[in-house]
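# Structural characterization, general
Residue strings, one per chain:
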Amino acid sequence: MDWTGERNATSNRPLLSHGYRHHSAAGIAFRIRTGRDPVGQVRADCGMQHCVAPDHVEDAPGRRRNREQLRYISGGRALQERCRNDHDQAEHGRVAADGRAYCNACKRARDARSQARRDAA
Ligand SMILES: [Zn+2]
Ligand SMILES: [Zn+2]
């Protein structure tokens, strides 16, 4: 479902204006489906950026739960508590869309290193 209304000027995320307050359209779609307020950022898990279909949006714990389920179904093991660089996986642990677990802190460090290599080249 595409959003044709107002968007946040910096993030391009769909917005609904209510008085002077802005609400994220994805957050409202989430509330329509679940009847509760989302925890953390609401995003669609269907692959379409800024999708606002109520059935597609998940909050942060919901996304994590979905992906962990996918991981169990696809035969993966439970997430580690700490990665091999000792980052707390409750905070930095992520599961990719294909069900593979990775540490976001390590990924960021890797990305920064390859960026530095590119800059030096
Ligand atoms: Zn969608
Ligand atoms: Zn790590």
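Let us look at the structure shown here. Treat the numbers as computed from the prediction; the structure is a model and nothing was measured. (Residues numbered from 1 in each chain as written. Chains lettered and ligands numbered in written order. Predicted model: local features only at pLDDT ≥ 70, side-chain atom pairs only at ≥ 80, totals over all residues. Heavy atoms only, no water.)

Turning next to the coordination of the zinc ion (ligand 1). Each protein donor to the zinc ion (ligand 1) is listed here as Cys46 (SG), Cys51 (SG) and His56 (ND1); together their distances run 1.8 to 2.2 Å. Here the donor residues of the zinc ion (ligand 1) are spaced in sequence according to C-x4-C-x4-H. Within this pair, whereas Cys46 is found in the loop between strand S3 (43-44) and strand S4 (57-58), its partner His56 is found in the loop between S3 and S4, the two being separated by 10 residues in sequence. The exposure class of Cys46 is partly exposed, given its relative accessible area of 40%. Judged by its relative accessible area of 32%, His56 is partly exposed. (Donors = N, O, S within 2.8 Å, 3.2 Å for Na, K, Ca; no water. Helix = DSSP H or I, 4+ residues; strand = E, 2+ residues; numbered from the N terminus. Buried < 20%, exposed > 50% of the residue type's maximum accessible area, 1.4 Å probe, protein only.)

A separate point is the coordination of the zinc ion (ligand 2). Six octahedral donors around a metal ideally make angles of 90 or 180 degrees; four tetrahedral donors ideally make 109.5 degrees. Around the zinc ion (ligand 2), the protein contributes the donor atoms Cys83 (SG), His87 (ND1), Cys103 (SG) and Cys106 (SG), which lie 2.0 to 2.3 Å from the metal centre. Coordination at the zinc ion (ligand 2) comes from 4 donor atoms whose angles at the metal span 105 to 116°, giving a geometry best classed as tetrahedral. The sequence pattern describing where the donors of the zinc ion (ligand 2) fall on their chain is C-x3-H-x15-C-x2-C. One end of the pair, His87, is in the loop between helix H2 (60-73) and helix H3 (89-92); the other, Cys103, is in strand S6 (residues 101-103), and 16 residues separate them in sequence. (Tetrahedral: all angles 85-135°; square planar, octahedral: opposite > 155°, others 65-115°.)

Turning to the side chain of Gln89, a few remarks are in order. Its place among the elements puts Gln89 in helix H3. Given the relative accessible area of 8%, Gln89 is considered buried. Not counting residues up to four positions away in its chain, the partners in contact with Gln89 are Arg64, Gln80, Glu81, Arg82, Cys83, Tyr102 and Cys103. (Contact = heavy atoms within 4.5 Å.)

Next up on the list: the nonpolar core. Listed in full, the 8 residues of the largest apolar core are Ala26, Ala29, Phe30, Val42, Ala44, Cys51, Ala53 and Val57. Here this core takes 3 residues from helix H1 (residues 25-34), the largest share from any one element. Once residues within four sequence positions are removed from consideration, Ala44 is found in contact with Cys51, His56 and Val57. (Core = buried A, V, L, I, M, F, W, Y, C linked by side-chain atoms within 4.5 Å.)

We now examine unusual backbone geometry. One non-glycine residue, Asp86, adopts positive backbone phi at about 65°. Structurally, Asp86 can be placed in the loop between H2 and H3.

Attention now moves to a positive patch on the surface. Together, Arg84, Arg110, Arg113, Arg117 and Arg118 line one region of the surface with positive charge. For Arg84, the position within the fold is in the loop between H2 and H3. (Patch = residues over 30% accessible without salt bridge, like charges linked within 9 Å, V, L, I, M, F, W, Y side chains within 5 Å. Areas by Shrake-Rupley, 256 points an atom, 1.4 Å probe, with all protein chains shown as cover. Salt bridge = Lys/Arg side-chain N within 4 Å of Asp/Glu carboxyl O. Lys, Arg positive; Asp, Glu negative; His and termini not counted. Charge placed at Lys NZ, Arg CZ, Asp CG, Glu CD.)

On inspection of all chains with the given rule, the structure shows 5 salt bridges. Its salt-bridge partner being Arg82, residue Asp86 comes within 3.7 Å of it at the nearest N-O pair.

This part is about the environment of Arg43. Within the element layout of this structure, Arg43 appears in strand S3. When the C-alpha atoms of Arg43 and Asp59 are compared, they prove to be 6.4 Å apart, with 16 residues separating the residues in sequence. Residues contacting Arg43, with those up to four places away along its chain left out, are His56, Val57, Glu58 and Arg63. Here Gln41 takes part through its side chain, which lies 3.2 Å from a polar atom of the side chain of Arg43. (Polar contact = N/O pair within 3.5 Å; in protein donor to acceptor, adjacent residues only side chain to side chain.)

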